[in-house]
Amino acid sequence: MSGPTATVPGDQYLGGLFMFLYRAIREHLLLTILLPLVAMTIAYLAAQQLPAVYTAQGNVRIGRVDGTETVSVTGVVSRLNSPSFKHRVIEAMGLHPVASDRTARLIFQSLAAKQETADTLAVTVRATDVQQARAAAATVVRLLDEEQRKIREPLEADIKEQLATIDATITGLLETRDSLSALIKENAQGASIDPTSLVMRRVWLADLISRNEQRLTAAKAERHALSAKLGAWKTYPTTLLDDVFVLPGFALRPATMALLAGGAMFMIVLLGVVLRGSKAVRSA
C-alpha cells in the first residue's frame, strides 16, 4: 500500500510561489521593467497622434398632428439605425463615400438612436470635429422631418380645408345676421296698414335671427375645435428639444492606452520569465 500523500500548507505554498516569482523577475529585472516602459511610451505617443473624436448627443421630439404621432417612435428608431438612412445622412452632409472618408465612416458606424419617452428619442453620433458632430445631428433631424412631412402635410391640409369651409360658413352667417337686422329696422320704421301682419313679420324675423345665431355659435365652436388641432401643443414638426450636446475626447485616452499596453507587456514578460524559470528548475 502506498503511504499518505504529503500536503503543503497554503501559506508555505504561496510563500514558495512568491519566492519563485521574485527570483525569476530578479534574474531578468531589466527586461521586466524596460519592455513595459517601452510599450507604454510607444502606446502613449501613438495615441497622441490619433485625431480627436467628438460625440454629439441630442433629444428629438417626434412630430404629431392633432396630438397623434404620424410614425411610431419604435419605427423611427429602426429607421435611424438602418444603413440606408445613415448613407442618406452622409450624402446630405456632402461627404465622400464611407469606404474612402474617415469622417463619413465614423459617422456611419457611430450613428445610433434609442427611445427615451413615449414621443422622444436620443440620437448619438461621432465625428472628427465639433462642427461635423453638430452638423451630423442636425442633418439627422432635418432628414427625419422631411420624411415625416410627406405624411403630416396631407393631414394638416385636410384640417385647413375644413377650417376654410367653416370660415366661409361663418362669413355667410354674419352677412345673414346683417341682412336680418336691416329688415327688422325697415319693418319697425315702415307704416303698415295691418298691425297683425306687422307683428307676425316681427315674430318671423326674430325666429330667423335666433336660428342664425345658433348656427353661428355652433360654427364658431367648431372652428375653435379645428384651430386647436393645429395648435403648437398638438401639431408640430420633428425637432430637437434642446441644443446638441458635444463631448470632446480621444477615441481612447493616451494615458489609458499607455497603461493597457504597459500592463499587457508586463504580463507577457512575466509569463515568459516564469516559463523560462520553470524549465530551468526541471532541467536542474
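Details of the structure are given in the entry above.
1. Quick notes on the overall build of the chain
Line of reasoning, step 1. When helices and strands are counted, the chain shows eight helices and seven strands.
Line of reasoning, step 2. For the chain, the residues scored as buried account for 30% of the 284 residues in total.
Line of reasoning, step 3. Within the chain, residue pairs in contact and separated by at least 24 positions form 78% of the contacts whose partners lie at least 6 positions apart.
Line of reasoning, step 4. When the accessible surface of the chain is split by element, carbon and sulfur atoms take 61% of a total near 18,000 Å².

2. Remarks on the environment of V65
Line of reasoning, step 1. Within the secondary structure, V65 sits in strand β2 (residues 64-65).
Line of reasoning, step 2. A relative accessible area of 7% means that V65 is categorised as buried.
Line of reasoning, step 3. For V65, the contacting residues outside a window of four places in its chain are T70, R152, L155, E156, I159, K234 and T235.

3. Side note on the nonpolar core
Line of reasoning, step 1. By size, the foremost hydrophobic cluster in this structure holds 32 residues, and its most contacted members are L80, L121 and V123.
Line of reasoning, step 2. The contact partners of V123, leaving out residues within four places of it in the chain, are A56, Q57, G58, V60, L80, L111, A112, A113 and V140.

4. Structural notes on the pattern of salt bridges
Line of reasoning, step 1. Taken as a whole, this structure holds 10 salt bridges when the rule is applied.
Line of reasoning, step 2. With a closest N to O distance of 2.5 Å, E147 and R88 form a salt bridge. Taken together, the residues E147 in helix α6 (residues 130-189) and R88 in helix α4 (residues 83-92) connect sequence positions 59 residues apart.
Line of reasoning, step 3. What makes R88 partly exposed here is its relative accessible area of 31%.
Line of reasoning, step 4. The shortest N-O distance in the salt bridge between R177 and E213 comes to 2.7 Å.

5. Some words on unusual backbone geometry
Line of reasoning, step 1. Positive phi, normally seen in glycine, also occurs at D66, with a value near 55 degrees.
Line of reasoning, step 2. Residue D66 is classed as partly exposed on the basis of its relative accessible area, which comes to 25%.

6. Concerning the pairing of strand β5 (residues 120-127)
Regular strands show a simple pattern: their side chains alternate between the two faces of the sheet.
Line of reasoning, step 1. Counting buried positions along β5 gives six out of eight residues, so the element sits mostly inside the fold.
Line of reasoning, step 2. Pairing between strand β4 (residues 112-115) and β5: four bridges, direction antiparallel. When the bridges of β5 are listed, K114 appears paired with A122.
Line of reasoning, step 3. The hairpin turn running from β4 into β5, its antiparallel successor, is four residues long.

7. Quick look at the side chain of T235
Line of reasoning, step 1. With respect to the secondary-structure elements, T235 resides in the loop between α7 (195-229) and β6 (239-240).
Line of reasoning, step 2. Residue contacts for T235: discarding those within four places in its chain leaves R64, V65, D66, E156, K229 and L230.

8. Side note on α4
Line of reasoning, step 1. Here α4 has its buried residues at F85, K86, V89 and I90. Taken around the axis of α4, the buried residues stretch over an arc of 145 degrees, which confines them to a single face.

9. Observations concerning a nonpolar patch on the surface
Line of reasoning, step 1. On the surface, L30, L34, V38 and I42 cluster together to form a nonpolar patch covering roughly 390 Å² of accessible area.
Line of reasoning, step 2. Considering the arrangement of structural elements, one finds V38 in helix α2 (residues 29-49).
Line of reasoning, step 3. Accessibility expressed as a relative area gives 38% for V38, which makes it partly exposed.

10. Side note on the environment of R79
Line of reasoning, step 1. The topology assignment puts R79 in helix α3 (residues 73-80).
Line of reasoning, step 2. In this structure R79 touches S84, F85, R88 and E147, once residues within four positions along its chain are discounted.
Line of reasoning, step 3. Within the structure, R79 has its side chain in polar contact with the side chain of S84 (distance 2.9 Å).

Conventions adopted
- Residues numbered from 1 in each chain as written.
- Predicted model: local features only at pLDDT ≥ 70, side-chain atom pairs only at ≥ 80, totals over all residues.
- Heavy atoms only, no water.
- Helix = DSSP H or I, 4+ residues; strand = E, 2+ residues; numbered from the N terminus.
- Buried < 20%, exposed > 50% of the residue type's maximum accessible area, 1.4 Å probe, protein only.
- Contact = heavy atoms within 4.5 Å.
- Areas by Shrake-Rupley, 256 points an atom, 1.4 Å probe, with all protein chains shown as cover.
- Core = buried A, V, L, I, M, F, W, Y, C linked by side-chain atoms within 4.5 Å.
- Salt bridge = Lys/Arg side-chain N within 4 Å of Asp/Glu carboxyl O.
- Pairing = 2+ DSSP bridges.
- Arc of directions from axis to C-beta.
- Patch = residues over 30% accessible without salt bridge, like charges linked within 9 Å, V, L, I, M, F, W, Y side chains within 5 Å.
- Polar contact = N/O pair within 3.5 Å; in protein donor to acceptor, adjacent residues only side chain to side chain.

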